[in-house]
Amino acid sequence: MGQVFYAYRTHPWHEQVLSQETLAAWLDLNQAQLSRIESGKPPQDLAKLMRWAHSLRVPADLLWFKLPDTKQATPTGIVPASDPSEKPAAAPEKVSAGVLLPVVIHGRTVLVPVDAQTLTANGLGELINHSVDTAATDSVGRDAMSPFNRRAFLKSGAAAAATSRLDLDGLHRVAGALDDSRRYLDGSAVAYFGEILDKAKRDDGALGPKKTLPAVLGLLDAIESQAREVKPRIRRELLSIGAEGAEFAGWLYRDIQQPHAAAFWYDRAMEWAQEADDVAMQGYVLLKKSQMAYDERDALRVLTLAQAAGHGRWQLPVRVRAEVIQQEALGRAMLGDPLDMVRGQLDTAASLLASATDDPEALGAYFNGHTRMLRDAIALTEAGKPSMAVELFSDVLSTNSMSHRDTGFFNARRAAALALSGEPDEAARIGTSSAAVAHEVKSERTVRVLGDVLQSLERWRGRPAVREFRESLTA
């Protein structure tokens, strides 16, 4: 892969040699990491190889491994489009059955992938004068959106409605609010933006992050634009919803393994929450940053960010306080603190959660008994007790109470615990099931965990179940 990176950077198509810093930024690496890959031992992490090859659009027939979902070549993340001196890392002549939706983020236009199914389901193909057939195999030009007026799109309400399937009355209300924000953007319209966000959150579990992101980014762009034209009280209400949406966008980018974009949106969520004087959201964002630090295996930041989130100044709801205590236990497990200390904090979180009242509108309402048990299992795996973790994973997943995407992800964690427990066949069987879900909903985070599972099963690579798992992950 290092040779591929070097050949790509020095290819004449770019007109000038790309720096290691530029390519590294496109691949979510730093310059030192890219330099080591180009000059050092070839990397063996299959999940990373797949992600890099997909980002650079390397043709599948030129690879020494199989890419997931090679029929659809939509980009895996945001691609800067405002600087004509730079060419996107993933910028082929054609994009398979999809388009790029331009969205302004922090004053800079980025292109967000919208696939054919999303366009067809929401009638957006006609809106942009672009015919889409979900069964089509013909490609469309990557500049299909170039004649398209982004502001007119926002005013129609379609950006906020993408993948949300809003009713016609709802679209008219959003369109009216966007046409004359001072006149129409009252409290009820602000509440309607909240309904759009809630619908996007519900869609995420079934559709996955890539189908949900266009709706969320369109909504955030609308909120940011209209917040400049309203009275102070409405602005604070808007930014409070915007902070919640920005935190959700951060989560979606985590799921597709775009940590730089995730960090941007978490920072934006914190900024908007501060301006809106939403103290609970500020503490909540610290919790989410701690959870992203776990994705990056940064144990110290997992702990210290969780401890910061636990400060009393944030006035967090009971459920979130319980989740924060559990997250601190995870950080301690990663740092090798005694098992009794880790389990003590897990028990404290369980007791606190049991005292919470049911409020579906409260921050952190998703954190229930099943979620807690699954997170406990992850902490126990980190504490060196994978067999105990397997029991917890099995108990919760047997209830079929998780969303489709979450079932796939936690089955990947379950497979990891099984592999560490010396159960290769069961780990491979569960991993194969998880891989099918990960490919369906485009969860790169799940694929990354499964890549680690495959490495743990390397000494059993000759077993039929493990071979089947490897094929399902790379097919």
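Residues numbered from 1 in each chain as written. Predicted model: local features only at pLDDT ≥ 70, side-chain atom pairs only at ≥ 80, totals over all residues. Heavy atoms only, no water.

Caption draft 1: Main features of the packing of helix 4 (residues 46-55) against helix 23 (residues 444-456). Two numbers describe how helix 4 lies on helix 23: the axes approach to 7 Å, and their chain directions differ by 140 degrees. Put simply, helix 4 runs oblique to helix 23. For the pair formed by helix 4 and helix 23, the contact residues are Leu46, Ala47 and Met50 on the first element and Val447, Arg448, Gly451 and Leu454 on the second. Broken down by class, the residue content of the contact of helix 4 with helix 23 amounts to five nonpolar, one polar and one charged. (Axes fitted to C-alpha atoms, helices over the stretch in contact; angles between N-to-C directions. Helix = DSSP H or I, 4+ residues; strand = E, 2+ residues; numbered from the N terminus. Parallel < 35°, antiparallel > 145°, perpendicular 65-115°, else oblique. Contact = heavy atoms within 4.5 Å. Nonpolar A, V, L, I, M, F, W, Y, C, P; charged D, E, K, R; others polar.)

Caption draft 2: Examining the pattern of salt bridges more closely. One pass over the structure, following the stated rule, counts 22 salt bridges. Two residues, Lys201 and Glu244, come together in a salt bridge whose shortest N-O distance is 2.6 Å. In this pair, Lys201 is assigned in helix 11 (residues 187-207) and Glu244 in helix 13 (residues 232-255), connecting sequence segments 43 residues apart. We note a salt bridge from Glu323 to Arg375, for which the minimum N-O separation is 2.9 Å. With Glu323 in helix 17 (residues 318-334) and Arg375 in helix 19 (residues 369-382), the pair connects residues that are 52 residues apart, well separated along the chain. Given a relative accessible area of 1%, Glu323 falls into the buried group. A single network of salt bridges, built from pairs that share partners, joins Asp204, Asp255, Arg405, Asp406 and Arg445. (Salt bridge = Lys/Arg side-chain N within 4 Å of Asp/Glu carboxyl O. Buried < 20%, exposed > 50% of the residue type's maximum accessible area, 1.4 Å probe, protein only.)

Caption draft 3: Fine view of the side chain of Arg445. Along the chain, the position of Arg445 falls in helix 23. The contact partners of Arg445, leaving out residues within four places of it in the chain, are Trp251, Arg254, Asp255, Gln257, Asp295 and Phe409.

Caption draft 4: Highlighting the packing of helix 21 (residues 404-420) against helix 22 (residues 424-441). Two numbers describe how helix 21 lies on helix 22: the axes approach to 8 Å, and their chain directions differ by 150 degrees. With respect to each other, helix 21 and helix 22 are oriented roughly antiparallel. Note on packing geometry: the crossing formed by helix 21 with helix 22 is left-handed. In this structure, helix 21 contributes His404, Arg405, Gly408, Asn411, Ala412, Arg414, Ala415, Leu418 and Ala419 to the contact, and helix 22 contributes Glu426, Ala427, Ile430, Gly431, Ser434, Val437, Glu440 and Val441. In terms of residue class, the contact of helix 21 with helix 22 is made up of eight nonpolar, five polar and four charged. (Left-handed = near helix turned anticlockwise from the far one by under 90°.)

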